[in-house]
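Observations on the model geometry
Next come the chains, spelled out residue by residue.
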Amino acid sequence: MNKMAIYPGTFDPFTNGHLDIVLRSVRLFDHLIIAVTTNAKKTPLFSVPERKELIRKSLPEGGNITVESFDGLLVDYAEKRGSIIVIRGLRAVSDFEYEMQMALLNRRLKPAVETIFKMSSEEYSFLTSSAVKEIALLGGSVDGLVPSAVKAALAEKFKKHQ
Ligand code: PNS
């Protein structure tokens, strides 16, 4: 059977923590879809096409990973794409409550959809997209926190502030 999983998120922007989850998840499936949501509650720094492009540039060549975007409910998108597996990263206990609520609500909406949690590697357990944006905005170094394409895009976005 062809096993496919979806790794959904806002990815504003994609970090090395996201990349770590992607690279460790893709080994478990025949195909991984990284799905960028279009309906972020907060105003994103990067547009959906920008976020997709930055993710594509951050992935290794070839491979069984595609980058897509979706709007509406994740479970509807998962069903439409023929995947019943959703991957989410867990960094610390603080993530747990929100992630459990989301996984259980998604299960209530579509019982077939299974959420699988991957523990972050410890070197990324403190890393969030929001922190990366704040560091970049305030002129700090994001080396080692984000892929090089994202670092360059952040520098470009915040050029006028520096
Ligand atoms: O990277 P994020 O912001 O933690 O990702 C959250 C995301 C995009 C996975 C979540 O907000 C989502 O699934 N949004 C789509 C709308 C939806 O299905 N909402 C109901 C969730 S219970």
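We now turn to the structure provided with this report.

What counts and what doesn't
The numbering scheme is per chain: residues are counted from 1 as the chain's sequence reads. With the structure being a predicted model, the display of local features is reserved for residues of pLDDT at least 70 and the display and counting of side-chain atom pairs for 80 or more, all residues being used for whole-chain, interface and lining totals. Computation of side-chain values: all heavy atoms of the structure, hydrogens and water removed. Secondary structure follows DSSP: runs of H or I at least 4 residues long count as helices, runs of E at least 2 residues long count as strands, and numbering of each begins at the N terminus. In these notes, residues near a molecule or strand are those with any non-hydrogen atom within 4 Å of it. Polar contact is defined as a pair of N or O atoms within 3.5 Å, subject to the rule that within protein one atom must be able to donate a hydrogen and the other to accept it, and that residues adjacent in sequence are counted only when both atoms are side-chain atoms. Using a 1.4 Å probe, the Shrake-Rupley method yields the accessible areas, and only the shown protein chains count as cover for residues. Within this scheme a cavity is a closed region of a 1 Å grid, computed over the protein atoms alone, that accommodates a 1.4 Å probe without allowing it to escape, whereas a pocket is open but has protein on both sides within 12 Å along at least five of seven lines; lining residues each have an atom within 4 Å of a point. Criterion for pocket placement: a molecule counts as inside a cavity or pocket if more than half of its atoms are within 2 Å of its grid points. Asp, Glu, Lys and Arg are counted as charged, while Ala, Val, Leu, Ile, Met, Phe, Trp, Tyr, Cys and Pro are counted as nonpolar; the rest, among them Gly, fall into the polar class.

With that settled, the discussion passes to unusual backbone geometry. Following Asp12, the chain continues into Pro13 via a peptide bond in cis, with omega recorded as 5°. Its place among the elements puts Pro13 in the loop between β1 (4-9) and α1 (16-26). Of note, Phe11 is a non-glycine position whose phi angle comes to about 50°, a positive value. As for its placement among the helices and strands, Phe11 is situated in the loop between β1 and α1.

Turning to the site of the ligand, a few remarks are in order. If you check the shell around the ligand, you find Gly9, Thr10, Thr37, Phe70, Gly72, Leu73, Leu74, Arg88, Tyr98, Met102, Leu105 and Asn106 and nothing else. Arg88 has a polar side-chain atom sitting 2.8 Å from an oxygen atom of the ligand. Bound to the protein, the ligand loses 77% of the 550 Å² it would expose on its own. The pocket occupied by the ligand, as judged from atoms lying within 2 Å of grid points, is the largest pocket. If you tally residues by element for the shell around the ligand, the top one is helix α4 (residues 93-109), at four residues. In terms of residue class, the shell around the ligand is built from six nonpolar, five polar and one charged.

All right, on to the side chain of Asn16 then. With respect to the helices and strands, the residue Asn16 is situated in helix α1. Within the structure, Asn16 has its side chain in polar contact with the backbone oxygen of Gly144 (distance 2.9 Å).

Note that all results are geometric; they support no functional claim without further evidence.
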